[in-house]
Amino acid sequence: MLANMRNLLKEADSRGTAIGCFNATGLENILAVIAAAEKLHTPVMIQFAQAHEEEHLMTLDVIGPVMMDAARRASVPVGVHLDHAVELDYIRKALELGFTSVMFDGSDLPYDENILLTRRAVELARKYGASVEAEIGVMAGITLNNQKIAEDRSLEEKMYTDPKAARQFAESTGIDCLACTFGTVHGFYKSAPRLNFELVEELYRTLPVPIVMHGGSGISREDYRRVIRAGVRKINYYTYMAKAGGEAAEKAAAAAETPLFHDLACAAVEAMTKNAEEALQIFSAREE
Ligand SMILES: [Zn+2]
């Protein structure tokens with residue numbers, strides 16, 4: 001069933017868990033993530049990023065209705081989210097399709113302009129009953145446009161989210177959650193990420209809205225648990241699930257006399273379901 005991000009976050013906060021939000025770059029990811037969530041009886045979110053369109057992976061027109069349909073059919077609550085949108089017109093397009101939440105990413109913009117446009121995104125989303133995620137600071141790694149692709153995908157401490165600025169930003173925009181930077185990056189990690197748990201705790205105390213972690217795959221089980229305990233309530237997860245799917249397809253292709261695409265896709269869905277299940281199990285585990 002369709003679910004609103006605001007409610008999903010509220011529930012996660014009261015349980016001390018995080019909601020997993022997985023990228024839908026194709027039908028296979030959607031099938032895998034929803035199957036995993038249904039198996040675990042846990043709420044989940046699926047998201048499409050504007051950058052996927054620019055990378056020619058998929059278009060919102062094609063995948064948006066599929067995401068909505070899959071969410072409505074699911075036996076668990078599913079939020080349908082637009083990830084890293086940089087244009088208000090693009091946000092409107094997702095809202096027209098029925099998306100229950102959108103992310104406006106104005107982190108490339110000067111602070112004041114980011115506030116102004118985020119506020120407009122909130123006004124727009126409210127007309128559709130949808131909720132809004134926003135971002136300040138910089139997330140290194142693959143993201144919405146080429147300028148933001150950091151060469152080494154590493155992050156400097158001075159780029160981490162400043163709690164005071166974040167609070168002011170959240171209060172003056174009316175957003176529902178904020179993507180914060182505290183040591184994770186998009187894409188693959190070249191060396192083990194060093195997360196600043198104290199900063200997450202401080203953000204949790206300071207911010208009036210839940211904290212979102214981007215670049216959420218490739219982190220140890222223990223670090224996930226620590227970061228959730230510190231207050232992260234939404235985790236964006238994709239790269240390592242896509243890797244699991246790719247490796248399974250590769251293995252299936254090597255084993256087949258004549259590799260047929262539908263067989264490779266099935267192998268990929270199976271592996272991605274397992275990967276999403278492992279992630280969701282960690283994100284939705286309550287502290288003993
Ligand atoms: Zn992101």
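The following paragraphs examine the structure supplied in this document. In this text, all values refer to a predicted model and were calculated from it rather than measured experimentally.

**Description of the side chain of Thr118**
Phase 1 of the analysis: The residue Thr118 is located in helix α6 (residues 111–127) in this model.
Phase 2 of the analysis: Here Thr118 falls in the buried class, since its relative accessible area comes to 0%.
Phase 3 of the analysis: Those residues in contact with Thr118 that lie beyond four places of it in its chain are Phe104, Ala134, Phe169, Thr173 and Ile175.

**Regarding the nonpolar core**
Phase 1 of the analysis: Core analysis: the largest hydrophobic core is formed by 78 residues, its most contacted members being Leu82, Ile91 and Leu178.
Phase 2 of the analysis: Sequence-distant contacts of Ile91, defined by excluding residues within four places in its chain, comprise Leu82, Ala85, Val102, Met103, Phe104, Ala121 and Leu124.

**Structural notes on unusual backbone geometry**
Phase 1 of the analysis: Of note in this structure, His41 is not a glycine but carries a positive phi near 55 degrees.
Phase 2 of the analysis: Mapped onto the elements, His41 comes out in the loop between α2 (27–40) and β2 (44–49).
Phase 3 of the analysis: Unusually for a residue other than glycine, His84 sits at a positive phi of about 45 degrees.
Phase 4 of the analysis: Its place among the elements puts His84 in strand β3 (residues 78–85).

**Thoughts on the pattern of salt bridges**
Phase 1 of the analysis: If you walk through the whole model with that rule in mind, you get ten salt bridges.
Phase 2 of the analysis: In this structure, Arg6 and Asp176 form a salt bridge, with 2.8 Å as the shortest nitrogen-oxygen distance. Taken together, the residues span a long stretch of sequence, with Arg6 in helix α1 (residues 5–15) and Asp176 in the loop between α7 (163–173) and β6 (177–180) at a distance of 170 residues.
Phase 3 of the analysis: Residue class for Arg6 comes out partly exposed when judged on its relative accessible area of 35%.
Phase 4 of the analysis: Taking relative accessible area as the criterion, Asp176 reaches 9% and is therefore assigned buried.
Phase 5 of the analysis: Between Lys274 and Glu278 there is a salt bridge whose closest N-O contact spans 3.8 Å. With a gap of four residues between them, Lys274 and Glu278 both fall in helix α11 (residues 261–283), about one helical turn apart.
Phase 6 of the analysis: Note on Lys274: relative accessible area 53%, which makes it exposed.

**Description of the pairing of strand β8 (residues 232–237)**
Phase 1 of the analysis: Counting buried residues along β8, six of its six residues qualify, which places the element largely inside the surrounding structure.
Phase 2 of the analysis: Where strand β1 (residues 19–23) and β8 come together, four bridges link them in parallel fashion. Bridge assignment links Ile19 to a residue of β8, and that residue is Lys234.
Phase 3 of the analysis: Bridging between strand β7 (residues 211–213) and β8 involves three bridges; their strand directions are parallel. Following the sheet pairing, Met213 is matched in β8 by Ile235.
Phase 4 of the analysis: In this region the chain leaves β7, passes through helix α9 (residues 221–230) and returns to the parallel neighbour β8; the handedness of that crossover is right-handed.

**Observations regarding the pairing of strand β4 (residues 101–104)**
Phase 1 of the analysis: In β4, alternate side chains face the same way, and those of Ser101 and Met103 on one face and Val102 and Phe104 on the other are all buried.
Phase 2 of the analysis: In this structure, β3 lies alongside β4, joined through three bridges in parallel fashion. Bridged to His81 within β4 is Ser101.
Phase 3 of the analysis: Handedness of the β3-helix α5 (residues 88–97)-β4 crossover: right-handed.
Phase 4 of the analysis: Relative to strand β5 (residues 131–135), β4 runs parallel, the two sharing four bridges.

**Quick notes on the side chain of Asp176**
Phase 1 of the analysis: Reaching out from Asp176, the side chain makes a polar contact with the side chain of Arg6 at a distance of 2.8 Å.
Phase 2 of the analysis: A distance of 2.7 Å separates a polar atom in the side chain of Asp176 from the backbone nitrogen of Val132.
Phase 3 of the analysis: With residues up to four places along the chain from it excluded, the contact list for Asp176 reads Arg6, Leu9, Arg126, Ser131, Val132, Val209 and Pro210.

Conventions adopted
Residues numbered from 1 in each chain as written. Predicted model: local features only at pLDDT ≥ 70, side-chain atom pairs only at ≥ 80, totals over all residues. Heavy atoms only, no water. Helix = DSSP H or I, 4+ residues; strand = E, 2+ residues; numbered from the N terminus. Buried < 20%, exposed > 50% of the residue type's maximum accessible area, 1.4 Å probe, protein only. Contact = heavy atoms within 4.5 Å. Core = buried A, V, L, I, M, F, W, Y, C linked by side-chain atoms within 4.5 Å. Salt bridge = Lys/Arg side-chain N within 4 Å of Asp/Glu carboxyl O. Pairing = 2+ DSSP bridges. Right-handed = clockwise from strand over helix to strand, strands pointing away. Polar contact = N/O pair within 3.5 Å; in protein donor to acceptor, adjacent residues only side chain to side chain.

Functional significance is not addressed by these values, which are geometric in nature.
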